[in-house]
Amino acid sequence: MRTTRAVPARPVLLIALALTTAGSLLLATPYSATAKPRPPRPPVHREAALDQDAAARTPVSAAQQALAGAGAANEAGSEAVLGDDDRGYPRRQVLAPDAENPADKSIKLGLTPYHAIAPKLNALQALGDRVSVEVAGRSAGGHRLYLVTVTAPESARQARAQARMRELIDHAPAVAAKSSEIERAYKAPVFLNNNIHGNEWEGTDASLRLIERLATAQDGRTRDLLAHSRLYFNITANPDGRIAGTRANANGFDMNRDFATASQPEVRAMRRIMVDKQPAVMLDLHGYVNGTLIEPTTPPHGENYEYDLFLKNTYANALGMETAVNGLGYTPDEDGVEPAQIPFRDQDEGWDDWPPIFTPQYAAFHGTVAAHTVEIPMRVNGSDYDTLPVTELRRRSAINVDVAGAALRATLDFVRTKRASLVADQIEVFRRGAAGAAQVPVSPETVPGVPGIGPEDVYTTAFPRAYVIPAGPGGQRSAPAAARLVDHLLANDVRVTRALHSFRLGGRTYAKGSYVVDMRQSRRGLANALLADGRDISGKVSVMYDISGWSLGRLWGATVEPVTRGSLAGTPLRPVSAAARVGYVAPRGDLRLRLDDPRELAALNTLLRDGVPVRRAADGSAIVPASARTKAVAAARTYDVAFDATTVRGTTPLHRTRVAAAVTPGELLALREMDFAVTPVSAQVLNAGFDWSSVDVLFVSAGLAYGDLSGAARTALDAFLDGHGLVGRGATGAALNTAAGLLAVKPVEGNGDANGVVRVVNSGSLLMRGAPSHGFVYAPVWFTDLGPDVRVEQAYATGDPLVSGHWRPSRDGAGGPSDAAGQPAVVSGPRAVLFGTEPLFRDHPKGEFAQVGRALFGMAQASGSR
C-alpha cells in the first residue's frame, strides 16, 4: 500500500483505563493506564502492498481452489469441518500430520512451522476438556485451516441453548435485549485471527502459547472467562504464505483486501466463522509497525457502522492493550521497541477504517463492537529476513510473540470484565438495523471517555427502505449477474426475499420474481456497504489507506435500485436461501448466448474447448448450433446461464483463445474465472525464451516493460505483435503499446493515489455492448492525441466522473477528475485495445469482466492467424 504523509497527532487527554480496577486475567506486570502526551509520530502506514509491477505466476490449482466457491470449505479430507450446534464442547479429533517441510520460512525465525501445527493442536486437545479443533476449510494451496475453540465444557443441550440465544440476538434483537437468560448465560463470542499476511508470523505462536495456558489454568479469572465466553482462534489464516514467507496466499492475493468480494477460499472460511459465531470482539494480529499500532483508526470512518458503539468499546480495549504491551518493559534504547500507538488518538489521517475489505472492519457488520488490527513492532520480513543474522531475527520474533501475547491477554481481560455490556451493545447494533433506527453520531456526549472526537469523526448515512433487484423484461441487463449478487448477499448473511407476485414500492411496479433486500434487518450496515453507490470523500482527507469506493450495485453487472420510501407491509415476499437458477437451454433450433457476464464468457470458452463451432453475431452474442445442444445443456448447468432460441446467423467464427498474460493476481484469476486458456508471462519469462506460437493474443498490465527485454526477446515480441493483437491495461499496458507502435495514442496518468467508482459513457460497438455505465479506477489513465485509426470505446463522463472514492489532483494540480472528464478511458484499433480503467481489479468488478473477454476475442480474431 502507498504510504501516508506525516500528520500532527490529535490532542491526547489524560484518561484512566477503567479496567485497571478490575484486575488482570493473565498479565503479570502492572503498568500505568494513563495515556501520556507525546510528540507527533512519524507517518503511520500499513505494510507495503503486493508489488503491482510484478506479473502473477500463480498455479492453476490455486485458481481452481478459489473458483470452487463455498464448496471449498468442505474439502477437508477425513477431518471434521466446522460443526453444527447439535454437538457440545469439547469436539476432539486427531489431526493427521503434514509432511515435514524444512523449507518452511517460519523455522529460521524460531517459530512454529506449518507442519508442526497439527501435532501441537493434537497435544493441546489432550490437555483437558477446554480445547477443541475443527477444520474451517482449505487454503488456495490446499492446506488445512484450523479453528480452535477454547471454552468451558458444554453438553449438547447447552450448546443448543447457546445457538438459540445467538439466533435470538440476530433475528429478534429487541426481544434479546430484554432476555435475562442472555444477560446471565450467553457466552460472549471472541474471534482471534492470526497470520492473514503470511509473512507476519508471530500471532500464530502467541495464540498457541495462550491456548496452552488456557487449557490448564485453574485460577478463578480463567475459569470465569471460559464459563462466560467462547474463544475462537483462527490459528493461521494464510498457511500458504506462512510456509513461503509471502504476504499473499498461493493465488497471489492479499486476503486483507478481499472481504467485499470473498474471492479466496481462506476469506470465505473467515467469513463463515464470523457469520456462524457472531463475535462481539475480534483481534487481527499483523506486523510490523514500531511502536505497536492498535486500532481504532483515523478518519474517515465507515459510514455504515454503528460507530458510537464500535468506538466506545474498541478504544477502551485499545487502552488496555496499550497498557499490556508497554507493561512488558521493552524500551527503545535497550530493545528497539517504541511505545504503542493508537491511530485514533495519535494521528489525524492515513490509517482509516472506511472500506469493508479489512477483517476487523468487515467483522463490525456482524455485530463485532470491539475489533482491532494490531501491528506488532519488530520487522522480520522482507529484506530483514534475508539480511539480518538469525540470532537477531529470533530476538525480534521473540519480542513480537510477547507483544502479540500481551494484546491477546489484555483483550481477554476486557471480555471477562465487560462481557454483559459487550453483548448488550452487539444486540443494540442489530436492534437499530431491524428497527430502521437512526444511527447515533459520535460526539463527546455520545461516546464519553474517548478523547479528541470532532466533526472529522462523524460519518453516517441515510439507509434506503429497501433495495430491489428487478426481474422481468427490461429489469436486468444480466440474469446471471443478479443471481450471483443474490447468492453473495446470502453468503454474507444479508437476508433477501423474492416477490411471489408483482408489487408496487416507492411509486414503481416490480415484476414477479424480483428480489428485495429489506433494510430493516440486523445486517443493514453490510447490505448498504455492498449495494450503495458510496460517497466521494476526496474533500474529507488528503490520503486514504486503500480503496475508497466500491459498489456491487454499480460494478457487478446486476440492476440494483434503492427505494427510499414506501412500506413492505402486505408485499408478497418469500425469504430465499439461494438465488433462483437462471440456466436454460431452448428445446429446439440454434442457440444464442449473451456475452455480458463472466459466467457467459466461461460457458463460451468451455464450448470452444470442446470443439463446438460457435460464431459471433452482429450484436456480439455467440450463436451455438442446434447440434451442440447437449454440450450447451452441460454448460448451462455448470455456469447457470441461458441459451435462448434464435434464428440469427452468426458471421465470424470464434476459436479457443490462448492468452499470454503479464497481469496482476486479481486479473489472472479473473481470466481463469472466464475459462480462458492463460499462460502467465513476464519480462523474465520472455527473456528466457518463449514459444509465441502457443498463444493468440497478449494481455499486459504488469511485469512486462519493453526496456527490460533482451534483444532476442524484443525481436520475438515484435514478430508476434506484427500479426497478433495486444490488450493493455493501465500505464504498463499503454507503455508497451507505445514501444511496439501499435496504437497511435498518448496515455495520460492521473493521480496514482486515486481510486473509486466512476461514471463512464460507452460506445455502441461490440466491445462495449451491454457494458455498465460505471467503471472502477485505481491510478486512472486516459488517452489523448488519438490517431486516425483509433476508436473511443469508453470515455469518462463529463463534469465530475467520480461517484464514490478518493480522487484529487496530484501536487502539481494535474491528474484530477476534472482533467479526466470526457477523455477516452478505453480505446481500440486494428491491433490493440487499451484500458485506462481497472475492469478486473482484484477479481472484483464482475460487470466489467466481459469488456476484457470481448477485447481478447477481438484481438485474437484480428491476428489473422487462423
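The structure displayed is predicted, hence computed values, not measured ones.

What counts, and where the lines are drawn
- Residues numbered from 1 in each chain as written.
- Predicted model: local features only at pLDDT ≥ 70, side-chain atom pairs only at ≥ 80, totals over all residues.
- Heavy atoms only, no water.
- Helix = DSSP H or I, 4+ residues; strand = E, 2+ residues; numbered from the N terminus.
- Rg over C-alpha atoms; globule rule 2.2 N^0.38 Å.
- Buried < 20%, exposed > 50% of the residue type's maximum accessible area, 1.4 Å probe, protein only.
- Contact = heavy atoms within 4.5 Å.
- Areas by Shrake-Rupley, 256 points an atom, 1.4 Å probe, with all protein chains shown as cover.
- Lys, Arg positive; Asp, Glu negative; His and termini not counted.
- Charge placed at Lys NZ, Arg CZ, Asp CG, Glu CD.
- Expected span 1.5 Å × (residues − 1).
- Pairing = 2+ DSSP bridges.
- Core = buried A, V, L, I, M, F, W, Y, C linked by side-chain atoms within 4.5 Å.
- Phe/Tyr/Trp six-rings, centres within 6.5 Å; stacked < 30°, edge-to-face > 60°.
- Lys NZ or Arg CZ within 6 Å of the ring centre and 35° of its normal.
- pLDDT = per-residue confidence, 0-100.
- Axes fitted to C-alpha atoms, helices over the stretch in contact; angles between N-to-C directions.
- Parallel < 35°, antiparallel > 145°, perpendicular 65-115°, else oblique.
- Nonpolar A, V, L, I, M, F, W, Y, C, P; charged D, E, K, R; others polar.
- Salt bridge = Lys/Arg side-chain N within 4 Å of Asp/Glu carboxyl O.

## Details of the overall build of the protein chain
Looking only at helices and strands, one finds 26 helices and 34 strands in the protein chain. Since a compact globule built from 866 residues should have a radius of gyration of about 29 Å, the 27 Å found for the protein chain is in line with a globular shape. Projecting the C-alpha coordinates of the protein chain onto the three principal axes gives extents of approximately 80 × 70 × 55 Å. Looking at the protein chain residue by residue over its 866 residues, the buried ones come to 61%. When contacts within the protein chain are restricted to residue pairs at least 6 apart in sequence, those whose partners lie at least 24 apart make up 80%. Summing over all exposed atoms, the protein chain offers an accessible surface of approximately 29,600 Å²; the carbon and sulfur share of this is 52%. With 92 positive and 89 negative side-chain charges, the protein chain shows a separation of 6 Å between the mean positions of the two kinds.

## Digging into helix α9 (residues 265-277)
Between its terminal C-alpha atoms α9 stretches 18 Å, which fits the 18 Å expected from 13 residues at 1.5 Å a residue. Across the 13 residues that make up α9, a large majority, 11, are buried. Turning to α9, its buried residues number three or more, namely Pro265, Glu266, Val267, Arg268, Ala269, Met270, Arg271, Ile273, Met274, Val275 and Lys277. Taken from the residues just after α9, Gln278 is the one with a positive phi, measuring 55 degrees.

## Quick word on the pairing of strand β9 (residues 370-376)
Burial analysis of β9 places seven of its seven residues in the buried class, the great majority of the element. With seven bridges joining them, strand β5 (residues 281-287) and β9 adopt parallel strand pairing. The partner of Asp284 across the bridge, within β9, is Thr373. Where strand β6 (residues 293-294) meets β9, two bridges bridge the pair, whose relative direction is antiparallel. The partner of Ile294 across the bridge, within β9, is Val374.

## Structural notes on the nonpolar core
Leu121, Tyr146 and Phe233 are the most contacted members of the largest nonpolar core, which totals 151 residues. Setting aside chain neighbours within four positions, we find Phe233 in contact with Tyr146, Leu147, Val148, Val150, Leu192, Ser207, Leu210, Ile211 and Leu214. Counting 60 residues, the second largest nonpolar core, distinct from the first, contains Ala56, Val585, Ala586 and Val678.

## With respect to helix α10 (residues 307-326)
Note that an α-helix has 3.6 residues per turn; residues three or four places apart therefore point the same way. If you check α10, its first and last C-alpha atoms are 27 Å apart, about what 20 residues at 1.5 Å a residue would give, namely 28 Å. Within α10, 18 of the 20 residues are buried, leaving the element largely enclosed by the surrounding structure.

## So, the packing of aromatic side chains
Under the criterion given, the structure shown has 19 aromatic pairs. Among the aromatic residues, those joined into a cluster by ring pairs are Tyr305, Tyr307, Phe310 and Phe365. The aromatic ring of Tyr89 is capped on one face by Arg91, whose charged end is 4.1 Å from the ring centroid. Here the guanidinium or amino end of Lys108 rests over the ring plane of Tyr385, the centre of that ring lying 4.5 Å away.

## Let's talk about the confidence of the model for the protein chain
Scored by pLDDT, the protein chain has a mean of 92; 91% of the residues are at 70 or more. Overall, residues 26-49 carries pLDDT values under 50, and its contacts beyond four positions in sequence, including any with other chains, amount to 77 contacts.

## With respect to the sheet that holds strand β19 (residues 615-616)
Taken together, the six strands give an open sheet; going across it, the order is β17-β21-β18-β20-β19-β22, and neighbouring strands pair in mixed fashion. The sheet is open, and its two edges are formed by β17 (584-585) and β22 (652-653), each paired on a single side. Docked against the sheet, helix α19 (residues 598-609) engages β18 (590-593), β20 (622-624) and β21 (642-646), running at close to 135 degrees with respect to β18.

## Describing unusual backbone geometry
Across the junction of Asn290 and Gly291, the peptide omega takes the value 5 degrees, indicating a cis bond. Within the element layout of this structure, Gly291 appears in the loop between β5 and β6. With an omega of -5 degrees, the peptide bond between Pro299 and Pro300 qualifies as cis. Structurally, Pro300 can be placed in strand β7 (residues 298-301). Of note in this structure, Gln278 is not a glycine but carries a positive phi near 55 degrees. Unlike most non-glycine residues, Asp843 shows phi in positive territory, near 60 degrees. Here Asp843 is to be found in the loop between β34 (832-835) and α26 (849-862).

## Comments concerning the side chain of Asn317
By the element assignment, Asn317 lies in helix α10. Not counting chain neighbours up to four residues away, the residues in contact with Asn317 comprise His372, Ala410, Thr411 and Phe414.

## Structural notes on the packing of helix α7 (residues 220-227) against helix α15 (residues 390-435)
It is at 9 Å that the axes of α7 and α15 come closest, and there the two elements cross at 70 degrees. Regarding the angle of α7 to α15, the classification is roughly perpendicular. Facing Arg221, Asp224 and Leu225 of α7, the residues of α15 in contact are Leu412, Val415 and Arg416. Taken together, the residues that form the contact of α7 with α15 break down as three nonpolar, no polar and three charged.

## Things to note about the side chain of Ser263
Within the element layout of this structure, Ser263 appears in the loop between α8 (239-244) and α9. If sequence neighbours within four positions are ignored, Ser263 has contacts with Ala66, Phe253, Asp258, Arg268, Leu669 and Asp843.

## Describing the pattern of salt bridges
For the structure on display, the rule yields 50 salt bridges. Note that Arg230 is salt-bridged to Glu154, the shortest N-O span being 2.7 Å. Residue Arg230 is found in strand β4 (residues 229-234), and its partner Glu154 is found in the loop between β2 (144-150) and α3 (156-171); the two are separated by 76 residues along the sequence. As far as burial versus exposure is concerned, Arg230 and Glu154 are alike and both buried.

## Considering the pairing of strand β33 (residues 824-828)
Each regular strand carries side chains that alternate between the two faces of the sheet. Most of β33 is tucked away: five of the five residues are buried. In terms of strand pairing, β33 meets β34 through three bridges, oriented antiparallel. Each bridged residue has a counterpart across the sheet, and for Val827 the counterpart in β34 is Leu834. Here β33 hands over to β34 after three residues, the two strands then running antiparallel side by side.

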